[in-house]
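Residue-level structure breakdown
Next come the chains, spelled out residue by residue.
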Amino acid sequence: MGGGYIVVFMTAPNQEEGAAIGRKVVEEGLAACCSIVPKVRSIYTWKGKVCDEEEALCVFKTRGVLFDALKERIKGLHSYEVPEIIAVEISAGLDDYLGWIDGATGES
């Protein structure tokens, strides 16, 4: 991803794993924030089977230039064989909030 800011969505099997991953990537400066929605219901296909599972949804706020490093770090920490890691560009936001993302992720 290029410059600017992104929101990255990731699901985890439970709130505890989501929080552990979120804390680690925030501590490492790969994301400014990880918001966790503890219970979402996910219906998906996996290996030819329809699954219906409860998961935790994690929403990371970060800079686009950090996406590749964030993605690789999440993959290394996550228990899923193929974790959901998708990014959406932020088209606009409060300047003070975007500046906070910069500061929290090492960009001054």
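This text gives an overview of the structure that appears in the document. Keep in mind that this is a model prediction, so the values were computed, not measured. (Residues numbered from 1 in each chain as written. Predicted model: local features only at pLDDT ≥ 70, side-chain atom pairs only at ≥ 80, totals over all residues. Heavy atoms only, no water.)

Looking at the overall build of the chain
In terms of helices and strands, the chain carries three helices and four strands. Along the chain, helices (α) and strands (β) appear in the sequence β-α-β-β-α-β-α when read from the amino end. Relative to the 2.2 N^0.38 estimate, which gives 13 Å for 108 residues, the radius of gyration of the chain is 14 Å and therefore close to what a compact globule would have. By its C-alpha atoms, the chain is 45 × 25 × 20 Å across when sized along the principal axes. Restricting to contacts in the chain with at least 6 residues of sequence separation, those with at least 24 account for 73%. A total accessible area of about 6300 Å² is found for the chain, and carbon and sulfur atoms account for 52% of it. Positive and negative charge centroids in the chain, built from 11 and 17 side chains respectively, lie 6 Å apart. (Helix = DSSP H or I, 4+ residues; strand = E, 2+ residues; numbered from the N terminus. Rg over C-alpha atoms; globule rule 2.2 N^0.38 Å. Contact = heavy atoms within 4.5 Å. Areas by Shrake-Rupley, 256 points an atom, 1.4 Å probe, with all protein chains shown as cover. Lys, Arg positive; Asp, Glu negative; His and termini not counted. Charge placed at Lys NZ, Arg CZ, Asp CG, Glu CD.)

Some remarks on the environment of Tyr 44
Mapping Tyr 44 onto the fold places it in strand β2 (residues 33-46). On the basis of relative accessible area, Tyr 44 is assigned to the partly exposed category, the value being 31%. (Buried < 20%, exposed > 50% of the residue type's maximum accessible area, 1.4 Å probe, protein only.)

Points about the pattern of salt bridges
Per the counting criterion, the structure on display carries five salt bridges. Glu 28 is the partner of Arg 73 in a salt bridge, and the nearest nitrogen-oxygen pair spans 2.8 Å. Here Glu 28 lies in the loop between α1 (15-27) and β2 and Arg 73 lies in helix α2 (residues 67-77), a separation of 45 residues in the sequence. For Arg 73, a relative accessible area of 26% gives the class partly exposed. Taking relative accessible area as the criterion, Glu 28 reaches 37% and is therefore assigned partly exposed. The salt bridge involving Asp 52 is made with Arg 41; its shortest N-O contact spans 2.5 Å. In this pair, Asp 52 sits in strand β3 (residues 49-63) while Arg 41 sits in strand β2, placing the two residues eleven residues apart along the sequence. (Salt bridge = Lys/Arg side-chain N within 4 Å of Asp/Glu carboxyl O.)

Focus on α2
Within the span of α2, buried status applies to Phe 67, Leu 70 and Ile 74. The arc that holds the buried residues of α2, viewed along the axis, is 65°, so those residues lie on one side. (Arc of directions from axis to C-beta.)

Describing a nonpolar patch on the surface
On the surface, a nonpolar cluster with roughly 280 Å² of combined accessible area is contributed by Tyr 44, Trp 46 and Val 82. With respect to the helices and strands, Trp 46 occurs in strand β2. (Patch = residues over 30% accessible without salt bridge, like charges linked within 9 Å, V, L, I, M, F, W, Y side chains within 5 Å.)

Quick look at the packing of α1 against α2
Relative to each other, α1 and α2 sit at 140°, their axes nearing to 10 Å. The orientation of α1 relative to α2 falls into the category oblique. The handedness of the crossing between α1 and α2 comes out as right-handed. Of α2, the residues touching α1 (which contributes Ile 21, Lys 24 and Val 25) are Leu 70, Arg 73, Ile 74 and Leu 77. For the contact of α1 with α2, a count of residues per class yields five nonpolar, no polar and two charged. (Axes fitted to C-alpha atoms, helices over the stretch in contact; angles between N-to-C directions. Parallel < 35°, antiparallel > 145°, perpendicular 65-115°, else oblique. Left-handed = near helix turned anticlockwise from the far one by under 90°. Nonpolar A, V, L, I, M, F, W, Y, C, P; charged D, E, K, R; others polar.)

Any functional reading would require information that these geometric values do not contain.
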